Amino acid sequence: MALSSSLSCIKRYQVFSSFHGPDVRKGFLSHLHSVFASKGITTFNDQKIDRGQTIGPELIQGIREARVSIVVLSKKYASSSWCLDELVEILKCKEALGQIVMTVFYEVDPSDVKKQSGVFGEAFEKTCQGKNEEVKIRWRNALAHVATIAGEHSLNWDNEAKMIQKIVTDVSDKLNLTPSRDFEGMVGMEAHLKRLNSLLCLESDEVKMIGIWGPAGIGKTTIARTLFNKISSIFPFKCFMENLKGSIKGGAEHYSKLSLQKQLLSEILKQENMKIHHLGTIKQWLHDQKVLIILDDVDDLEQLEVLAEDPSWFGSGSRIIVTTEDKNILKAHRIQDIYHVDFPSEEEALEILCLSAFKQSSIPDGFEELANKVAELCGNLPLGLCVVGASLRRKSKNEWERLLSRIESSLDKNIDNILRIGYDRLSTEDQSLFLHIACFFNNEKVDYLTALLADRKLDVVNGFNILADRSLVRISTDGHVVMHHYLLQKLGRRIVHEQWPNEPGKRQFLIEAEEIRDVLTKGTGTESVKGISFDTSNIEEVSVGKGAFEGMRNLQFLRIYRDSFNSEGTLQIPEDMEYIPPVRLLHWQNYPRKSLPQRFNPEHLVKIRMPSSKLKKLWGGIQPLPNLKSIDMSFSYSLKEIPNLSKATNLEILSLEFCKSLVELPFSILNLHKLEILNVENCSMLKVIPTNINLASLERLDMTGCSELRTFPDISSNIKKLNLGDTMIEDVPPSVGCWSRLDHLYIGSRSLKRLHVPPCITSLVLWKSNIESIPESIIGLTRLDWLNVNSCRKLKSILGLPSSLQDLDANDCVSLKRVCFSFHNPIRALSFNNCLNLDEEARKGIIQQSVYRYICLPGKKIPEEFTHKATGRSITIPLSPGTLSASSRFKASILILPVESYETDDISCSLRTKGGVEVHCCELPYHFLLRSRSEHLFIFHGDLFPQGNKYHEVDVTMSEITFEFSHTKIGDKIIECGVQIMTEGAEGDSSRELDSFETESSSSQVDNFETGGNNNHHTDGNGDGNYQAEGFKFFQDENIKTSKHTGFRSWLRELGLKVKKMNSHGVS
């Protein structure tokens, strides 16, 4: 390290040449340096250095300040002690600094250099005369080493000029791959340059045009400038034209174009007073020159047509790089290689902010929450992070807190100016679409937004594409329109506010709660208002007059909601209010009346969302509802009647969960041929359901908690997800066994007697069913990924499971005694919470299973195979030398006291050295969901060191390691812990503990609950693959072909197995 430090210095030269002057200086070397100069490659010049017996400090400095050294080995090279000392110094820099060394064997054989033989060897022997042995050995080693470095052999070339071109190209490539310090302190810059380098293909002689595309403030210019500094040296002609936005002006268009061409040529040719008379001048001057041109911040296609109309304008090997916010410009100019500059990660954004605010890359103590909030407000936009960070520099924590509110309410002028330019260049139609998204529809689904704006005379689909191409919005992978960052949303809302700063009732959109309250209570809304988004969380109860909406005849989008569950704010309307405009979106949470206003016309509705309303019905009669796509009346406890929906033929979602007064579904739903989701979860009074709901589009039906439901619903076989928990259903008919698309079935009924399941099922929930045993035929479900038998209180045994299973939940199975199953590969998780009657053999078998997440079961002590045990939630383990490697893993067990309530935070495990240094902290890969009536064991595996570490990066010599287990809510309930270190001991070492995925020793001891174990492990069957026990039958249809196992868990958390929490956010 000391040698490297002493040699470290600024690289002033790109190439240092070591050569014997009389052999090559006037011929080969002069030609080589001439080509280097034409390519802009700087070389060290030794012409003014007096040569003596030893190399002087100037020459040593020249070697150390070069990025590449070229050693030209000629016949008389070794006749000079000067050359040999240079070679030793070059190789020293190669070893200590990683300097690139290239070789040219000029009219000499590499083997003669290596062995110091032939003419080359004779010259070397003469030079060695009178030298001590140490010097001679140093020279011999240097020659032997340099002879092994691949290079060009002049004897293999019949054209020296071509050889020189090849050498120069190789040097250029080496220089481009050499890391530069240009981007030090610029977060993420190295990754940007690496990706751009792959597009540039600098080794190619073709002319390439590259686009750098991204939103304003993302750092395009900074990236382009850094790239220019990095690669410009290999181009004899180069130019960076900055900030071209608005450079072609109407009225003087031809003059503007000539002026642009003059600007480019004057800079690239270094001529100040060039005369430009026509627009073909650039091609005339540069068609045979290798150039690097960066055109920054292009906002008009004509700028490209004037400055770089065609690749033929430039010589071979040229690179034209264009930065822009508008992808359409690049596509229109036929630029195919486009680099999209994405937003920095959260970690990178915080680092950018910290460098600007604190002049350091990490957050100072006490500023963590504030820094994260600022980064969030800036939307991780680098420009915003830098500008806001600079404004907070050297400010105290209290000053940060005071400035936060200002940042939230207003844009910095510099940020506003940059972002507004992109908005100003949009067409009037696209500006309107931008404002709709910024003020109302950020994060809305594309298809719903398209429907909601269908009659706004907006070309919505093309508008989305234009906004996306101009980096103002993006379409997420799940089909939502997302504004690129919070600052753009703030810009849109400011633009709307500026329309009528002091008269909110005349603006397009109303967003601020206080202003909306005033407009509604005073009745000052006008026909200009298109949308109201009223968050009542932070206001007290507001009462408005019956004419509150009378003036807003063009109102299209009405959203009244509470963003906070803890707030009491509501909007009260009088019983005699007759008019709400014919809106397309009606989202009114906690609607206070039993009916909608008499004159409300639902014909234009696209979406109605009125959760937790007091409505008893929506409207009467058969209404034309051609646009309606979604109805959400969830948690409307008083709702008794659903209107006739026979003319809502485009309805896709009908959500009525927790409508506890609803008795029947109208037969008109049979006309809803586009319905995809029907949710009547916890409609506890629901009794009447239409028969033959054969809707081909219906994919999900949720009837969990419909406790009056006794017969299996007559529905389409196209269903994918079916939830029928907490019902009185007795029979799942045989036809269900043929449903080839059903992949999730939740059937929880105390009355269930027969069950047919198709072999394609991936998740099966039998929660609260009265089964006594898992039938053998369930093993035939070759795609089953998750089996849930929670709260099956009569379940006594689990004797075999499908090999495809990944998760088994058998919590609260209070009668469960016998468990016998095994898997060829580790599975995800096994959970037997509150299964207090498990016999000893069952508990032993469960503990022996290999899992890569966790095992949960009742227990009173840590199993014996955990060789290291301790009371409490931490344990320190002494380590012998050679115990650990970077790939070492551990197996841990913790004993937890009874817990009375559900807790959903993660368990964490912190690993520390003797000195308290944290080696690793891992969050266990599941949510701790526990309500236990006795002590329980949790067993899990983990890595001792972070993934990806190499052996030499890990302190494997530590003498001890401490494990500390914690949980934010029930950490004090952890009363005992045990650990096994899973080592990779030497072959034959009998003391080596088992690997984490090997079966544990059968001598493992588990605590013995005082329950009578039944050792009878036989199964009862009727010989036809069907199983019968206590009136329950399980059937698997054998006529349907099974397919390869595919996992499925994405939907399971939507079940009613967790505490329901109503979402009041967003439009939806």
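Residues numbered from 1 in each chain as written. Predicted model: local features only at pLDDT ≥ 70, side-chain atom pairs only at ≥ 80, totals over all residues. Heavy atoms only, no water.

An unreviewed UniProt entry annotates the chain as ADP-ribosyl cyclase/cyclic ADP-ribose hydrolase of Arabidopsis thaliana. The Catalytic activity (unreviewed entry) comment attached to the chain in UniProt states, word for word, "NAD(+) + H2O = ADP-D-ribose + nicotinamide + H(+)". (UniProt positions renumbered as here; feature names shortened; annotations may be inferred.)

Outline the side chain of Gln806, supporting the account with residue identities and numerical values.
Its place among the elements puts Gln806 in the loop between β29 (797–799) and β30 (807–809). With sequence-adjacent residues up to four places away left out, Gln806 is seen in contact with Asp785, Pro826, Ile827, Arg828, Ala829 and Tyr852. (Helix = DSSP H or I, 4+ residues; strand = E, 2+ residues; numbered from the N terminus. Contact = heavy atoms within 4.5 Å.)

Residue-level account of the confidence of the model for the chain, with values.
Scored by pLDDT, the chain comes out at a mean of 82, with 85% of its residues at no less than 70. Segment residues 177–182 is flagged for pLDDT under 50; beyond a separation of four residues in sequence, or across chains, it makes nine contacts in the model. (pLDDT = per-residue confidence, 0-100.)

Account for the sheet that holds strand β11 (residues 473–475), naming residues and giving values.
Pairing is antiparallel across the open sheet formed by three strands, whose spatial order is β10-β12-β11. Each edge of the sheet is formed by a strand with only one pairing partner; in this case those strands are β10 (444–445) and β11. Here β10 pairs with strand β12 (residues 480–483) via two bridges, running antiparallel. Each bridged residue has a counterpart across the sheet, and for Glu444 the counterpart in β12 is Val481. (Pairing = 2+ DSSP bridges.)

Can you tell me about the sheet that holds strand β5 (residues 208–213), naming the residues and giving the values?
Across the sheet, which stays open at both edges, the five strands sit in the order β6-β7-β8-β5-β9 with parallel pairing between neighbours. The open sheet has two edge strands, β6 (237–241) and β9 (337–340), and neither has a second partner. Each adjacent strand pair in this sheet contributes to an overall mean axis angle of 15°, direction not counted. Strand contacts of helix α10 (residues 220–231): β5, β6, β7 (291–298) and β8 (319–324), with the helix running at about 165° to β6, the strand carrying the most contacts. (Axes fitted to C-alpha atoms, helices over the stretch in contact; angles between N-to-C directions.)

Could you give an account of the side chain of Asp299, naming the residues involved and the relevant values?
Along the chain, Asp299 turns up in the loop between β7 and α13 (301–307). Not counting the four nearest positions on each side in its chain, Asp299 is found in contact with Leu244, Lys245, Gly246, Ile329 and Arg425.

Outline the nonpolar core, listing residues and values.
Ranked by internal contacts, the top residues of the largest apolar core, which has 116 residues, are Phe549, Trp588 and Phe832. Per element, the largest residue contribution to this core is four residues, and it comes from helix α24 (residues 513–522). Beyond its immediate chain neighbours, meaning those up to four positions away, Trp588 contacts Phe549, Leu558, Ile560, Leu571, Ile573, Ile580, Arg609, Met610 and Pro611. Ile231, Ile234, Trp400 and Leu467 belong to the second largest nonpolar core, which has 83 residues in total. (Core = buried A, V, L, I, M, F, W, Y, C linked by side-chain atoms within 4.5 Å. Buried < 20%, exposed > 50% of the residue type's maximum accessible area, 1.4 Å probe, protein only.)

Tell me about the pairing of strand β41 (residues 974–982), residues and numbers included.
The element β41 is largely enclosed, with a buried count of seven among its nine residues. Sheet topology places strand β34 (residues 868–871) next to β41; four bridges connect them, and they run antiparallel. In the sheet register, Ala870 faces β41, and the bridge partner there is Cys977. Where strand β36 (residues 889–896) lies against β41, eight bridges are found, and the strand directions are antiparallel. For Leu895, the partnering residue across the bridge sits in β41 and is Glu976.

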